[in-house]
Amino acid sequence: MKKIKVLAIVGSLREGSYNKQLALAAKEIIGDRADFEIVDYSDVPLFNEDIEFPAPEPVQRLRNKVLEADGIWFFTPEYNHFFPGVLKNLIDWLSRTSKGVPQVFARKCAAISGITPGMSGTGIAQDHLVTLLSFLNMRIMNFPRLTIPNALQQVKDGKLELTDSKPYLEKQVEAFLKFVQKELDCQ
Ligand code: FNR
């Protein structure tokens with residue numbers, strides 16, 4: 001059986017990002033059951049149709065990574081009840097289809113998680129992200145999604161030490177691997 005490839009896209013470029021640390025925790029739980037890569041897209045420029053063709057190298061690199069992946073797992077903070085602009089910018093770049101370039105997100109499986117020091121748990125941002133990913137024809141695993149509020153209760157010296165939320169992340173890992181495998185079996 002082919003090993004599943006999961007690409008993690010973190011909606012924060014912050015070095016100590018809790019969402020990036022959550023992605024790392026998911027990677028650890030997955031272990032060798034799937035390839036799991038957290039992509040660096042900090043070099044992707046702001047979208048501008050004037051520089052769309054030929055696609056800048058970072059965009060082409062990211063496009064290829066999404067194309068090769070079986071599942072895309074979004075780990076996103078919430079900014080003003082939305083997901084951050086850097087994530088929207090990346091998705092806008094990769095969503096472009098004209099001139100023979102495929103829309104790389106189409107039919108890819110998607111999982112969504114988020115962690116915040118606030119009370120919302122990133123749920124509102126996730127709902128907005130679902131609207132966008134649905135428009136891009138992704139196969140979204142709507143249940144379970146993971147929303148972690150009050151992050152600082154599970155952070156020590158800037159390091160995320162998942163306690164209460166770990167079983168929920170474990171459940172989401174199991175569910176997403178099954179979800180992706182089921183989609184692959186149907187192809
Ligand atoms: C925030 N933050 C925030 N938190 C939240 O729960 N709901 C929100 O609407 C917002 N809004 C918001 C706007 C802006 C511009 C910033 C910079 C921050 C706080 C945010 O959740 C916190 O900074 C997280 O730590 C960001 O995630 P990372 O970088 O730790 O992954």
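Residues numbered from 1 in each chain as written. Predicted model: local features only at pLDDT ≥ 70, side-chain atom pairs only at ≥ 80, totals over all residues. Heavy atoms only, no water.

## Considering the site of the ligand
Part 1: Residues in close proximity to the ligand total 13 residues, the closest being Ser-12, Arg-14, Ser-17, Asn-19 and Thr-116.
Part 2: Contact distances for the ligand include 3.0 Å between a nitrogen atom and a side-chain N or O atom of Glu-78. (Near = heavy atom within 4 Å. Polar contact = N/O pair within 3.5 Å; in protein donor to acceptor, adjacent residues only side chain to side chain.)

## Examining empty space enclosed by the protein
Part 1: Overall, the coordinates contain one cavity of 30 Å³ or more when judged by the stated rule.
Part 2: When its volume is computed, the largest cavity comes out at roughly 40 Å³.
Part 3: Lining the largest cavity are Glu-52, Phe-53, Ala-55, Arg-63, Arg-96, Ser-98 and Val-101.
Part 4: The residue makeup of the lining of the largest cavity, split by class, is three nonpolar, one polar and three charged. (1 Å grid on protein atoms, 1.4 Å probe; cavity = no way out; pocket = protein on both sides within 12 Å on 5 of 7 lines; lining within 4 Å. Points joined across faces, edges and corners; volume = space filled by probe spheres on them. Nonpolar A, V, L, I, M, F, W, Y, C, P; charged D, E, K, R; others polar.)

## Section: the pairing of strand β1 (residues 4–10)
Part 1: Judged by how many residues are buried, β1 sits mostly within the fold: six of seven residues are covered.
Part 2: Alignment of β1 against strand β2 (residues 34–38), held across five bridges, turns out to be parallel. Of the residues in β2, the one forming a bridge with Ala-8 is Ile-38.
Part 3: In terms of handedness, the path from β1 via helix α1 (residues 18–30) over to β2 forms a crossover that is right-handed.
Part 4: The pairing of β1 with strand β3 (residues 71–75) spans five bridges and is classified as parallel. (Buried < 20%, exposed > 50% of the residue type's maximum accessible area, 1.4 Å probe, protein only. Helix = DSSP H or I, 4+ residues; strand = E, 2+ residues; numbered from the N terminus. Pairing = 2+ DSSP bridges. Right-handed = clockwise from strand over helix to strand, strands pointing away.)

## Here's the deal with the packing of helix α2 (residues 57–68) against helix α3 (residues 85–94)
Part 1: Following both chains from N to C, one finds α2 and α3 inclined at 80°, their axes separated by 10 Å at the closest point. By the angle between their directions, the pair α2 and α3 is classed as roughly perpendicular. Between α2 and α3, the residues in contact are Val-59, Leu-62, Arg-63 and Val-66 and Leu-90, Trp-93 and Leu-94, respectively.
Part 2: Across the contact of α2 with α3, the residue classes tally to six nonpolar, no polar and one charged. (Axes fitted to C-alpha atoms, helices over the stretch in contact; angles between N-to-C directions. Parallel < 35°, antiparallel > 145°, perpendicular 65-115°, else oblique. Contact = heavy atoms within 4.5 Å.)

## Observations regarding the nonpolar core
Part 1: In this structure, Leu-22, Phe-36, Trp-73, Phe-75, Leu-169 and Phe-176 are the most contacted members of the largest nonpolar core, which totals 30 residues.
Part 2: Of all elements in the fold, only β1, α1, β2, β3, β4 (109–115), β6 (146–148) and α5 (166–186) reach the threshold of two or more residues within this core.
Part 3: A total of seven residues in this core trace back to one element, the largest contributor, which is α1.
Part 4: If near-sequence neighbours (up to four positions away) are discounted, Leu-169 is found in contact with Leu-22, Ala-25, Ala-26, Ile-29, Trp-73, Leu-146 and Leu-162. (Core = buried A, V, L, I, M, F, W, Y, C linked by side-chain atoms within 4.5 Å.)

## Focus on unusual backbone geometry
Part 1: Omega for the bond connecting Phe-53 with Pro-54 falls within 30 degrees of zero, at -10°, which places this linkage in the cis form.
Part 2: Following the sequence through the fold, Pro-54 ends up in the loop between β2 and α2.
Part 3: Omega for the bond connecting Phe-143 with Pro-144 falls within 30 degrees of zero, at -5°, which places this linkage in the cis form.
Part 4: Secondary-structure assignment places Pro-144 in the loop between β5 (139–140) and β6.
Part 5: For His-81, which is not a glycine, the phi torsion comes out positive at approximately 60°.
Part 6: Mapped onto the elements, His-81 comes out in the loop between β3 and α3.
Part 7: With a phi close to 70°, Arg-107 is a non-glycine residue in the positive phi region.
Part 8: Note on placement: Arg-107 falls in the loop between α3 and β4.

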